[in-house]
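# Commentary on secondary and tertiary structure
What follows is the residue order along each chain.
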Amino acid sequence: MLTQETMRRFNLLLLVASSVIWSVPANAATRPHYGGTVRVAMHETPQSLDPLSLAQVGVPNISRLLFDTLVVLDDRGFAQPALATTWQAEPGNQRWRLTLRSGVSFNDGANLEPTAVAASLRAANPDWKVLPVSDMIIVQTGEPHPNLPAELALPRNGIVHGNPQVSGTGPFAVSQYVAGKHLSLVANDQYWGGRPFVDSMEIDFGQTGQDQMTSLDLGRIDLAEVAPENIRRARAEGHTVQSSSPAELMALAFAMPPRNDEEIHLRNALALSIDMPAINNVVLQGGGEATGALLPNWLSGYGFLFARVQNTEFARTERTLGKQSGPLVLAYDSQDLVARTVAERVMLNARDAGITVQLTTNGHGDMALTRVPLPSLNTQTALTGVALALQLPMPSFGNGSANDLYSAEKTLLQSHRVIPLGYLRSGVALQPGIRNFNMSPDGAWQMSNVWLGSDKP
Amino acid sequence: MRDHSHQYERVRASYNSRILPMLPSRARWLGCALLLIGQLCFASDWHSPAAQLAGKISAATGPGVIALEINNRSSISAADVEQIRGFFISELATGGVRVWQPDQAAAVAKVTLSENLNSYIWIAEVQQGTGEPKIAMISMDRPPSSLSAQNAPLLTLHATQLISQSQPILDLAVLEGNPRRAVVLSDSAVSVFDFKDGHWLQTQSLPIAHATSFPRDIRGRLVLRKDHLFDAYLPGVICHSSEAGSLSLNCSRSDDPWPLAIAEFGVSGFFAPARNFFTGVLTPGIGKQRSAPAFYSASAIPKDKYVLWIFGGVDGQVHLLDGINQQTSSRLRWGSDIAGIRAACRPDWLVLATAQGDEEDSIQAFEIPDREPVAASQKLPIHGRVTALWTQQNGEAATAVYRNADTGNYEALQLTLACGQ
Amino acid sequence: MSFRRRLLLLFALTVLVSVAAVTGIVSAMARRAFDRANDERTAALVSQFRREFTRRGDDVRRRVQAASASAAAGQIAVAAAQSSPDYSSFLDAAQTLAEAQRLDFLEFADDRGTIISSAQWPAKFGYQERLAKTTLPAYAFLRDEETPSGTVLGLFAVHAISAGDHKVYAIGGTRLDRTFLSSLDLPAGMRVMLYPNLAGPIAPERLLTTGDPIANPQALAQLVQKVHITDHDESAVIHWDSGNDETVNAFPLMGANDKTLAILLVGSSRQIYTELRSEIRSAALFASGAGLLLAVLLSSIAAVRVTKPVEELANAAREVAAGNLDAQVTAHTNDELGVLADAFNRMTRDLIEHRERLVQAERVAAWRELARRLAHELKNPLFPLQLTVENLMRSREQSPQDFEDTFRESASTLLSEIANLKSIINRFSEFSKMPQPHLQEVLLRDLVAGVIHVYEAQFEKMKIRNETEFTDSQPVSADPDLLHRAISNLVLNAIDAMPEGGKLVLRTSRNGNTAIIEVGDTGTGLTSEECARLFTPYYTSKSHGTGLGLAIVQSIVSDHGGRISVKSQPGKGTTFIIELPVARQILADGTSA
């Protein structure tokens, strides 16, 4: 037990330390440097550079470099102004007015006009009515949308101009693009949020994780993606690695809803048979977090309520209540190396419970090992996005309280269409010279503030 | 295993301030900034949410006796958790619900203090009978400062040069005051330095008298005491300082165990008198565990219900003991010396670990959110080999000693963790 | 069947039987030789398989040892030595080492049987490796290894790594698959197949083979099943759909627990044997053909050498039979045929001598018979003459009164008997003066009808009913008078044979170039002895007559180049059949008889 004296010393020192931290002036050496090129390698191979396509292939980080949204979410999930400076909902949350930031221009030189914004939003959201009015736009939706600002912050709602060569208002502009292979970006000097520190970025697409780490070791790139299962190793090997919160859902998504109670029992048995902590600790090398929920606990706060513990005995009992006419076919992405091991582990665990699982890579199965990046830092938008990605029924959130959100997620889980396995971190390995690189909890890169230190090779 | 949740059962709320979420956000932050103790602004008012949730619990159970279990999954400090527990017990009593032992309770209320990106989420799972538990939850805004460990930015490990001398330095303790004073333990003496005019000047040297010869790679530890200034632990020898008149040192042959981490954790380990490591025998032990593999160094990280002890083993591996389980992590490339340290912006203790390079060592801070160390700082290069690394008495700093690769002198550093770049 | 044909048949049969026997023997020997060679080649291949198995096993053992000696394996051992080991960082250690050591399988397991790292099934960490808890063989062994894609047969080795008080086992191996089979040096016509997985029902599609896949592996299922059940070597001849046959020897491959894990099948094509057998058959056919030709040739030669003298003998015999006793055969050789020819010639010479002697004897006999008949004929009238004369003389002496009467009566008797004598002498004179026929076209039916007409009154008198049947409408060359006389003689004989009346049948018909006249009665008939002597001159069964009638008939018929025969049964009647040639040359040469 801590003594009172010690506590006193602690408090005193805390105060002194806090004072020191607050009073130390910023060292000049830590001021950001302008200039230089950041070289990045990525695994994905985007074939097109519009926000919708980039969102579909899972490269929102590129989208954020080129395109702005009307609203952005900060690291706590709060909506912050971007191309829209203010927004206001009319009663009923079906009609929103957003005031556009003035003085913003696209990289092709065109001014940010409400018509362009409206056109972009209409293209991304055909169900919406988007009307340009003066320096505002009005978004009208069929259903109440209390979370419209969070939705507007989705990368897919990036504002573009021009067709087919699209241009954005983002911090960087495209100087050269070879579809699926290479992208050269230059800093947008006129960026409304302030010119990025680096002059340019060179992005190579289609690089495997191993190639990226080799290139990083050879000093050919400054930033490499690190798969969740490699984060620990990369750190152990001395790389500077930043990782997100566990943000990418890995789940078994069933193609069809259960047809009867027996099928529900079978799916319950499968869920109970899976030893996700083992998968996380070994297969994913601690690069994730076991879960029974659709949203990570750090985002929802209640996710632990859905925690599922492997219990082979219970699984066997459920299995006896269920009926399996043929093997459950589990599809996984053959390009995803870790998915294969996870799928094989699921197969082994299921076998222990008396369930026959057969693996396939042809994409057609009773269920699929699916990875869903966290769509948003807004819980409701995130859950809606996850439901959409997993083809679950659209959740309804009542008045938006934590309890309602919990009920909505519980309803989705009780559809027995999905067995959440875990959330995975995304990681980035950096050259030591890369400064001020930050990742949002959901893994989004914040490149605008990145600058190159003097020890850049 | 130590259970914090039961230690302060009788703590009562001393005040009941206005619920902070009711304040406008900007005004709230301004107020906190002015007070410079922002954390306390939030930590102080848990009564209202506790009352809300307690109301929901009592509505679910009805009047009677329940067992209350509180788990903290949030950044709320252990002390605040106990305060919250008190609020719960009192508010439940207001609703006619008494908290008692589980075996005599009609229902069990399991309250989890959780949080998400921007809110605290408190959840009560009320279990009555064998049915599905009833869930009640409340949420309230959460201040941005208490980010969870995973999302926190890297800390900066600062090293402050203290003493440099040709004699090996086994440990060093800094006594804040005017002047700042440093007590330096070497294999032959305890020296006292005062910080004057930007320099450390030796004011006193107290020889260590010992009958037996010390082993090679001698190690020693200074522990500040409140009744006397310090104790110096050396292999087979313990020296007590005495301030009766002038400072003196009374050394005697002893195999008493050395305090591990900081003395407040109350765990000591026996040091092998003719070797440079701890035998592994612990007193009074960690939970049910009375021994650990032989180790060079130890560090403790208090968790919700237990203290996780980390040992830098003689076998080159890192051993983790939590009072019940022992786990070994062979892949950590940590050096022999580790030491616990705290950072102002982190709720949990961190571990400083040495790492051996080709010619120079380095020191890096790690967080242990679960069992897996996560780097919390960049590596701090050390221009030479680290010869000692001990947690300083307050836990806010650590002492590192290295032998300068150029001069051959032993240099003592004070290590602290700073938040932000 | 002619001797030549018999000879040909004999030769052919001899050749065919010989060829068939030789073919059969050669085929059997070839089959035995092939089977023996096949057994030897199979044994050599199995031996090669075992050598390769051992070599690969040693190779696997070395690689597993090398993997065990790696730094990663050392780290695993260090981790395993801990009281609460953490193996999570070794997930892909086995994979990396397996790739480095070119092993298809590699697993590390601690002495509790927990899989630390698995190359073939990385997700199997934490599961139990049953091998680690058993007595480990020091040599390489076969094992069914479970992989995500199913059970795979592999050649395994185990190496124990010391980890303090504990042990870690490296269990590595390589697949026993097509690559392994391909490494075997197969003789032409042989192939090796492997049925690797005996779990569950036999599924022929699991069969591994070198080269092209087997079109119908189901054919081997029974053999595989048999070996699986018996755990012993088995063999069978498989008839593939392609028509090829293959001898398949199946050998059980045992694992470390002496359980059959796989079956090695060594196939040896019987095509060579089939071709050889086909060639033997072709050769046999060719030999048979040639033999038959040879048989023809030899039989011809034999005919030349054997049958020709025999034919000459036959011709000569036929000439002899035809009466030409001058026929002679030339003896070409000194063998049996030559002896036979000499004997024949001697026989003909003897026959000529006998004929001459017989002719002389018959001539003497005829003359004697003639003399006897003549004496008899003449003696009969002479005796009454003598009596009459004596009576006359006695009457003149004893009763001259009656002499005159007596004289007249006696003179009348004498004249009568003298007339009788003259008649006898005339008949003999006529027989001796039988004229040569003067041939002309004669319709036999008319001729016969004329005869009937002559005797119609007598038929009525004798109560004889006559029937005629004339189916011959063509004329024949004959002397009508002589033929009329001959038929009349036969009709008279018939009338004589039916004193109590009866039926007389007269027929004319034709059979090819022969005209036939039949005269039948329903009289007393003749015995066979009587029939045999019927045409002998002066023989008669009648109480009257000279016995020259039928001799005259035979003489006439003979002069016409025909022949006469008789069919008779005592009590039922007699039928005379006259066969006359109608050939023109006979007409032309009719004079020569």
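Residues numbered from 1 in each chain as written. Chains lettered and ligands numbered in written order. Predicted model: local features only at pLDDT ≥ 70, side-chain atom pairs only at ≥ 80, totals over all residues. Heavy atoms only, no water.

All names here are of chain A. Judged by pairing direction, the sheet is antiparallel, and its 4 strands sit side by side in the order S4-S5-S7-S6 without closing on themselves. Edge positions in the sheet fall to strand S4 (84-89) and strand S6 (129-133), since each of these pairs with one other strand and no more. Adjacent strand axes in the sheet meet at a mean angle of 20° when their direction is disregarded. Pairing analysis gives 5 bridges linking strand S5 (residues 95-100) to strand S7 (residues 136-140), with the strands arranged antiparallel. Within the sheet, the bridge partner assigned to Arg95 lies in S7 and is Gln140. Across the sheet, helix H4 (residues 114-124) touches S5, S6 and S7, and the angle it forms with S6 is around 175°. (Pairing = 2+ DSSP bridges. Helix = DSSP H or I, 4+ residues; strand = E, 2+ residues; numbered from the N terminus. Axes fitted to C-alpha atoms, helices over the stretch in contact; angles between N-to-C directions. Contact = heavy atoms within 4.5 Å.)

Turning our attention to unusual backbone geometry. The omega torsion across Thr283(B) and Pro284(B) is 0°, close enough to zero to call that bond cis. In this fold, Pro284(B) is placed in strand S17 (residues 278-286). Phi is positive for Gln285(A), close to 50°, though the residue is something other than glycine. Within the fold, Gln285(A) resides in the loop between helix H9 (276-283) and strand S14 (288-290).

Here the focus is the domain arrangement of chain A. Residue and element names in this part refer to chain A. As far as domains go, chain A holds domain 1 (68-157), domain 2 (172-244 + 426-452) and domain 3 (248-424). Relative to domain 3, the C-alpha centre of domain 2 lies at a distance of 31 Å. Counting residues at the interface gives 6 residues for domain 2, matched by 12 residues for domain 3. In total, about 810 Å² of surface goes out of reach between domain 2 and domain 3, with carbon and sulfur atoms giving 56% of it. For domain 2, the biggest contributors to the area lost against domain 3 are Pro228, Glu229 and Arg232; these three give 61% of the whole. (Domains from an automatic or database assignment. Buried area = accessible area lost by both parts, 1.4 Å probe.)

Another point: helix H10 (residues 480-497) of chain C. Each α-helix winds once per 3.6 residues, and so residues spaced three or four apart point in a common direction. Residue and element names in this part refer to chain C. Along its 18 residues, H10 runs 25 Å from first to last C-alpha, staying within 8% of the 26 Å computed at 1.5 Å per residue. Those residues of H10 that sit buried are Pro480, Leu482, Leu483, Ala486, Ile487, Ser488, Asn489, Leu490, Val491, Asn493, Ala494 and Ile495. Where H10 begins, one side-chain oxygen reaches toward the backbone nitrogen of Asp481, 3.1 Å away; that side chain belongs to Asp479. (Expected span 1.5 Å × (residues − 1). Buried < 20%, exposed > 50% of the residue type's maximum accessible area, 1.4 Å probe, protein only. Polar contact = N/O pair within 3.5 Å; in protein donor to acceptor, adjacent residues only side chain to side chain.)

The subject of this paragraph is the nonpolar core. Residue and element names in this part refer to chain B. Ile163, Leu260, Trp309, Ile310, Phe311 and Trp334 are the most contacted members of the largest nonpolar core, which totals 50 residues. By residue number, the principal contributor to this core is strand S20 (residues 307-313), which donates 5 residues. With residues near it in sequence (within four places) discarded, Phe311 still touches Leu260, Leu282, Ile286, Ala292, Phe295, Ser297, Ala298, Gln317, Val318, His319, Leu321 and Ile338. (Core = buried A, V, L, I, M, F, W, Y, C linked by side-chain atoms within 4.5 Å.)

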